[in-house]
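Here's the letter readout for the chains.
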Amino acid sequence: MSTQPTARHRRSDPGRAAPPARRRGTSAARLSTTVLLFAIAGYFLLPIWWLIVSATKSNGDLFGSNGFWFGSHFHLADNLTKVFRHSDGIFGRWLLNSLLYCGAGALVATLFAAMAGYALAKYPFKGREGVFAVILGAVLIPPPLLALPLYLLASSTGLVNTYWSVLIPSAVTPFGVYLARVYAEASVPDELTDAARVDGAGELRIFFTIALRLMSPALVTICLFQFVGIWNNFFLPLMMLADDSRWPLTLGLYFWNSQLRDQPWYDIVVTGSLVSVVPLCIAFLALQRFWRSGLSAGSLKS
Amino acid sequence: MTRDADSPTLPAADRPAPSGDHGPGRERRPSRSRSGSRLAARRNRSAAVLLAPFGVLFLAVFVIPIGYAVHQSLFRVERSGLGFGAPRTVFAGLDNYTRVLTDSTFLKGVGRVLLFGLVQVPVMLGLALLLALLLDSRVARFKRFFRVAYFLPFAIPGVIAAVLWAFLYMPGISPLNDIGRSIGADVDFLSHDVILFSIGNIVTWSWTGYNMLIIYTSLQSVPKELYEAAELDGCSGFRIAWHIKVPLVRPALTLTGVFSIIGTLQLFGEPMVLRPMTAAISSNYTPVMLSYQAAFGLNDYNFAAAVAVVLALATFVLSYGFLRLSTQGSR
């Protein structure tokens with residue numbers, strides 16, 4: 001378990017970096033493996049394809065046409081207008097809320113985790129391992145189990161139904177501290193920090209100018225995971241936020257979806273789901289590339 | 001003060017500390033250790049400053065709420081017989097816990113998620129391991145595309161994934177029903193007998209790629225010479241995978257196993273999304289749903305807190321047990 005992140009950061013694509021390996025598989029094995037891999041890719045991709053196709057359909061076509069192909073009319077623009085106009089344009093508000101919760105939460109969480117992880121890696125103070133063990137233990141506590149106690153506490157302090165009630169818990173990532181510690185140990189050489197001390201740099205300055213930069217590939221990973229984690233956390237906002245103007249996108253779509261039996265706004269829910277998925281998928285693919293290049297840069301140093 | 005204090009660069013770092021207070025006749029040694037301890041104090045202070053922001057939030061978000069929940073779970077709100085007068089909060093000892101552990105809906109919910117986990121976790125991890133091994137093997141092509149394709153569902157939030165699959169389960173809209181009918185298999189994904197599998201499918205769809213990536217990453221860190229030696233000895237790809245690669249990725253499998261167990265016990269979003277569509281999911285279908293229902297449906301916060309505490313303990317016991325079991329087996 002402890003070798004996991006270092007291993008990840010040191011990895012390189014064997015097909016590219018390694019000298020050309022002898023290809024021993026027979027062509028039959030190669031073909032059957034590829035067919036199998038494509039079939040399984042179908043399982044993972046077809047639902048997303050269905051969502052894309054369905055967002056271009058009217059309510060009638062949703063029920064009447066082949067689910068995996070386009071309908072008789074192309075209704076995407078209509079559907080988008082409907083989504084953003086529905087209930088006085090609250091969907092746009094949800095989108096902004098989600099960006100606020102995830103963006104601010106992930107950035108602050110990453111910075112704080114990097115500081116704590118660096119401190120745990122580089123300062124051998126008394127009780128360090130004890131502190132680390134408690135933080136690691138917190139990784140094992142599932143968010144939904146924490147949400148109820150948080151709600152009880154927030155309602156006794158009057159924070160319930162405010163932006164803070166979601167933002168504050170989002171800014172904490174014990175798993176990020178774990179990753180940051182392991183990565184700081186591997187990638188911030190003592191020689192470098194000691195040399196900076198000789199030059200008279202303060203400890204905080206060493207962290208912000210040297211360590212933070214060396215740790216940046218791990219920080220992207222932490223930020224990515226925390227962003228997805230906050231975007232995914234459904235239970236916390238469900239409990240904390242009664243007022244729909246503060247909801248994140250997921251909660252809003254959950255609400256619309258739960259009304260389907262009385263309100264046949266299928267087209268709106270389908271298109272809204274697509275809109276909520278697209279930015280994240282794009283960010284994910286883009287960041288993955290950045291993440292990868294960051295990792296290979298990091299592997300040169302270690 | 002171990003490694004760092006002995007590091008060769010330290011004397012240089014001592015330099016800024018003025019050494020005016022010791023006479024020329026005294027040895028250098030004592031002053032060095034004094035300024036060393038001053039340095040240590042300064043560095044301890046820096047460590048504290050760096051740890052503080054996370055530490056404060058950690059206390060506020062993890063430690064205090066858990067303490068508060070445990071505290072709440074030991075009390076009970078009493079209303080007078082006719083419902084007049086203000087309700088009183090009285091100490092209840094472990095009564096709430098007795099109620100939780102004897103509550104038949106809670107026990108049914110626990111049984112349900114355990115059954116779910118026994119089937120879904122091995123299927124998902126088996127598929128993830130298979131995909132990781134295939135992508136690591138020499139016979140696979142288009143590895144980059146497949147890796148992204150399998151991982152993509154992870155980028156879709158759990159609730160949205162559930163909404164998406166809910167449509168794919170919905171009679172009338174779902175293309176799956178049409179396909180099923182055309183080959184003579186008319187499955188009602190939302191019926192009582194099938195619903196748990198339908199939920200399991202959503203979780204598998206969302207998380208397989210993530211687990212695959214963890215296993216794949218750990219496969220990549222295995223030195224290639226290991227396989228080459230086995231290949232020279234005439235080992236087939238299958239035997240290399242099973243006898244060399246699988247034991248090597250055991251730690252990664254353990255890690256994904258623990259996270260999957262934790263995920264299983266907190267099952268909530270998927271059944272909540274499917275609930276309006278089917279009578280097969282009750283308001284207390286899973287333990288977390290029961291806790292939510294107790295808090296928001298019945299306003300019984302004390303009972304809800306007890307459920308949360310019991311579940312947290314169960315999570316700890318199960319994941320710790322799994323860790324022990326899997327590390328024992330490897331020795």
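Residues numbered from 1 in each chain as written. Chains lettered and ligands numbered in written order. Predicted model: local features only at pLDDT ≥ 70, side-chain atom pairs only at ≥ 80, totals over all residues. Heavy atoms only, no water.

Some points on the nonpolar core
In this structure, Y118(A), M215(A), Y150(B) and F167(B) are the most contacted members of the largest nonpolar core, which totals 183 residues. Among the elements that line this core, the one with the most residues is helix α5 (residues 76-122) of chain A, at 15 residues. Those residues in contact with Y118(A) that sit more than four places away from it in its chain are Y123(A), A184(A), V188(A), T193(A), I206(A), F207(A), A211(A), M215(A) and L50(B). (Core = buried A, V, L, I, M, F, W, Y, C linked by side-chain atoms within 4.5 Å. Buried < 20%, exposed > 50% of the residue type's maximum accessible area, 1.4 Å probe, protein only. Helix = DSSP H or I, 4+ residues; strand = E, 2+ residues; numbered from the N terminus. Contact = heavy atoms within 4.5 Å.)

Some thoughts on the pattern of salt bridges
A complete count under the given rule lists 14 salt bridges over all chains for this structure. Taking the shortest distance from any N to any O, the salt bridge between D194(A) and R197(A) comes out at 2.8 Å. Of this pair, D194(A) and R197(A) both sit in helix α10 (residues 190-198), separated by 3 residues, roughly a single helical turn. Residue classification places D194(A) among the buried positions, given a relative accessible area of 11%. For K245(B), the salt bridge identified is with D136(B), shortest N-O distance 2.9 Å. (Salt bridge = Lys/Arg side-chain N within 4 Å of Asp/Glu carboxyl O.)

Some details on the packing of aromatic side chains
Here the structure, examined in full by the defined rule, presents 48 aromatic pairs over all chains. Both rings, one in F207(A) and one in F208(A), keep their centres 5.0 Å apart while their planes meet at 80 degrees; by these two values the pair is edge-to-face. Here the aromatic residues F38(A), Y43(A), F44(A), F142(B), F145(B), F146(B), Y150(B), W165(B), Y169(B), F189(B) and W205(B) are joined through ring pairs into a cluster of three or more. (Phe/Tyr/Trp six-rings, centres within 6.5 Å; stacked < 30°, edge-to-face > 60°.)

Considerations on the interface of chain B and chain A
Across the boundary between the two partners, chain B contributes 106 residues, which contact 105 residues of chain A. Across the chain B to chain A interface the summed buried area is about 10000 Å²; carbon plus sulfur atoms make up 75%. Applying the counting criterion to the chain B and chain A interface returns 1 salt bridge. The partner of R42(B) in a salt bridge is E203(A), and the shortest N-O contact between them spans 3.3 Å. If you tally residues by element for the side of chain B that touches chain A, the top one is helix α3 (residues 29-73) of chain B, at 21 residues. Residue classes in the side of chain B that touches chain A are distributed as 75 nonpolar, 19 polar and 12 charged. (Buried area = accessible area lost by both parts, 1.4 Å probe. Nonpolar A, V, L, I, M, F, W, Y, C, P; charged D, E, K, R; others polar.)

Considerations on the environment of F322(B)
Residues and elements named next belong to chain B. Residue placement: F322 occurs in helix α15 (residues 301-330). Considered as a pair, F322 and I261 are 61 residues apart in the sequence and their alpha carbons are 8.9 Å apart. Residues contacting F322, with those up to four places away along its chain left out, are T254, G257, V258 and I261.

Looking at a nonpolar patch on the surface
All names here are of chain B. Residues L115, L118, V119, V123 and F197 make up a contiguous nonpolar surface patch of about 520 Å² in total accessible area. With 4 residues, helix α5 (residues 104-136) is the single largest residue contributor to the nonpolar patch. Among the structural elements, F197 can be located in helix α9 (residues 195-220). (Patch = residues over 30% accessible without salt bridge, like charges linked within 9 Å, V, L, I, M, F, W, Y side chains within 5 Å. Areas by Shrake-Rupley, 256 points an atom, 1.4 Å probe, with all protein chains shown as cover.)

What about the side chain of S170(A)?
Residue and element names in this part refer to chain A. Secondary-structure assignment places S170 in helix α8 (residues 163-170). Looking at S170, the relative accessible area reads 7%, which means it is buried. A distance of 2.6 Å separates a polar side-chain atom of S170 from the backbone oxygen of V166. Setting aside anything within four residues of it in sequence, one finds S170 in contact with G105, A109, Q226 and I230. (Polar contact = N/O pair within 3.5 Å; in protein donor to acceptor, adjacent residues only side chain to side chain.)

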